[in-house]
Amino acid sequence: MNKILKYVILDIVRNKIVLSYIAFLFIITFGVFNLEDNQSKGLLSTLNLVLFIVPLVSIIFSTVYIYNSSEFIELLLSQPLKRKTIWLSLFYGLSISLIIAFVIGTGIPILIFFPDFTGIMMIIVGVFLSLIFVSISLLAAVYTRDKAKGIGIAILLWLYFALVFDGIILFLTFQLADYPIEKLIMAISSLNPIDLSRIAVLLRLDDSALMGYTGAVFKEFLGSVTGIVISATILILWFLVPLYFSLRKFKNKDL
Amino acid sequence: MISITDLSKKYGKLKVLDNINLEFVKGDSIALIGPNGSGKTTLIKCILGMVIPQKGNIIFDKKNIVNSWKYRSNIGYMPQIGRYPDNMTIGHVINMMKDIRKSETKEFDQELIQQYKLETMFDKRMSTLSGGTRQKVSASLAFLFNSEVLILDEPTAGLDPVSSEILKNKIIKERNKGKLILITSHILSELDEIINKVIYLQDGKLKFNKSIDEIKNHTGEGKLSKAIANLILNNNFDE
């Protein structure tokens, strides 16, 4: 495992994209914190950036990386290595690189400007989002042979989680405003890791009412401790389940 | 050493391998021949565990290869089209493979690397290599681990005459050490001095599996290429 992981990480580091990702996150986060005089507002803007950019970069970069590694995977498969080892090494390699990039790029500025529990919470959320979207991208890439189609699916999945889903929630709440549907909305929201992450951080801030409808609904229901435990469990499931299914498919794939 | 029973593989509706039964023993050097698309590469990939058959068993050294991976430490494989990560250099690739398999290999066999003078090109990126140079890298990797079984998928396609002669001599040398060698090729004249058995596949079916002497006696031809052409044209596989 370690050997393959080493070569995957070396390969990703040699790829300049992760370095530019770090620089991009760092400049943007620093910029946002310097622009806003109110630190809490700065954190909110950063939160929105994190919820948008981290899933996008994680899912697209990982999908493209898996397709570009098809030669590498083929080469390794004819060697005495377990398929599970190869696939998990790819997952760990991608996750570790993207998480380190996020922690350097966004984590350091947050810790400088916001060294409290809310700041740490945001870093944790970013780490989870990286893991989840790497895992989803592996699932998309293992099920589609065609590269263009696979990348298309990855982009659509991101669009769905980042934009379309909120639209559906908003639509539901407006259409069914006369009924007591808050619990239903809460259940539906946990189907989206981005929404869930947003809520988890918003519950720590007082501005939750400003941040879209789902957030406000959640605040009523979840006290801080139970809320965090439930959100964390669901987030963990969000990366374990796609990873499990992608591994199962990869084990039986013809190459 | 390798025994294959009732092996079948379908891609969708297309039957690529249809009930193949074969037995390879140590010391055999076998030519796997057949027209394009007859299932040669798929058969090889099944043995390597890269393609997973729907039906049938492959036993390697008395162990079923399903969900197994350790047996591959006994195999040196040269693919038909060697595909390598573009941003790695020849040196990276070779050193990585050595690193992966160093625990099971007592001594690396670097003869081909030396004969092909690959060291002088160690810092060339894989993406810049010509097809022939890639073949040389593939060949060097297949022989690097002193494996007991060598599986070579069209080894000499794309190599210049000098390089392909080097490879042929290397194959003969390893055969003489008693290794099991499995080669697919279309150039029959080339196989003449290497192999002692011929397996002919057509449309995923095993048409014949005979030793060279049998074939030559049966057809009365002295040359392998003519003998096999004779067999295929007359379609008399069974007697």
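Note that the coordinates shown come from a computational prediction; the quantities given were computed from them, not determined experimentally. (Residues numbered from 1 in each chain as written. Chains lettered and ligands numbered in written order. Predicted model: local features only at pLDDT ≥ 70, side-chain atom pairs only at ≥ 80, totals over all residues.)

**Here's the deal with the interface of chain A and chain B**
Next up, step 1: Across the boundary between the two partners, chain A contributes 18 residues, which contact 18 residues of chain B.
Next up, step 2: Contributing elements (two or more residues each) for the side of chain A that touches chain B: α1 (2–14) and α4 (70–77) of chain A.
Next up, step 3: Considering only residue class, the side of chain A that touches chain B consists of seven nonpolar, four polar and seven charged. (Contact = placed C-beta atoms within 7 Å. Helix = DSSP H or I, 4+ residues; strand = E, 2+ residues; numbered from the N terminus. Nonpolar A, V, L, I, M, F, W, Y, C, P; charged D, E, K, R; others polar.)

**Description of helix α4 (residues 131–144) of chain B**
Residue and element names in this part refer to chain B.
Next up, step 1: The first and last C-alpha atoms of α4 sit 20 Å apart over 14 residues, in line with the 20 Å expected at 1.5 Å per residue.
Next up, step 2: Within α4, burial applies to T133, Q135, K136, V137, S138, A139, S140, L141, A142, F143 and L144.
Next up, step 3: In this fold, the buried residues of α4 make contact with β6 (75–78), α2 (90–100), α3 (111–115), β7 (149–153) and α5 (161–176).
Next up, step 4: Phi turns positive one or two residues past the end of α4, at N146, with a value near 55°. (Expected span 1.5 Å × (residues − 1). Buried ≥ 20, exposed ≤ 12 C-beta atoms within 10 Å, placed from the backbone.)

**Comments concerning the environment of A:K16**
Next up, step 1: By the element assignment, A:K16 lies in helix α2 (residues 16–35).
Next up, step 2: Spatially, the C-alpha atom of A:K16 lies 47 Å from that of A:I181, the residues being 165 residues apart in sequence.

**Focus on the confidence of the model for chain B**
Next up, step 1: This prediction gives chain B a mean pLDDT of 87; 98% of its residues lie at or above 70.
Next up, step 2: The ipTM value of the predicted complex is 0.86, and its pTM value is 0.88. (pLDDT = per-residue confidence, 0-100.)

**Digging into the nonpolar core**
Next up, step 1: Grouped together as the largest cluster of nonpolar side chains are 131 residues, with contacts concentrated most on A:I132, B:A31, B:L32, B:V93, B:I151 and B:I183.
Next up, step 2: Looking at this core element by element, the count peaks at 15 residues for helix α6 (residues 117–143) of chain A.
Next up, step 3: Aside from chain neighbours lying at most four places away, what touches B:V93 is B:Y84, B:M88, B:M126 and B:V137. (Core = buried A, V, L, I, M, F, W, Y, C linked by C-beta atoms within 7 Å.)

**Thoughts on the sheet that holds strand β8 (residues 180–184) of chain B**
Sheet strands pair by backbone hydrogen bonding; their relative direction is either parallel or antiparallel.
All names here are of chain B.
Next up, step 1: Here six strands make up an open sheet; going across it, the order is β6-β7-β8-β3-β9-β10 and the pairing mixed. At either end of the open sheet lies a strand with only one pairing partner, and these are β6 and β10 (205–211). Across the sheet, the mean angle from the axis of one strand to that of its neighbour is 15°, orientation sign disregarded.
Next up, step 2: Direction of pairing for strand β3 (residues 29–33) relative to β8: parallel, over a ladder of four bridges. Looking at the pairing, A31 lines up with I183 of β8.
Next up, step 3: Lying over the sheet, helix α1 (residues 40–48) contacts β3, β6, β7, β8 and β9 (197–202), oriented at roughly 150° with respect to β7. (Pairing = 2+ DSSP bridges. Axes fitted to C-alpha atoms, helices over the stretch in contact; angles between N-to-C directions.)

**What to know about unusual backbone geometry**
Residues and elements named next belong to chain B.
Next up, step 1: Its identity is not glycine, yet K62 carries a phi of approximately 70°, on the positive side.
Next up, step 2: As for its position among the elements, K62 is in the loop between β4 (55–60) and β5 (63–64).
Next up, step 3: Its 7 C-beta neighbours within 10 Å are what place K62 among the exposed residues.
Next up, step 4: The phi dihedral of D203 falls on the positive side, at around 45°, and the residue is not glycine.
Next up, step 5: Looking at the secondary structure, you find D203 in the loop between β9 and β10.

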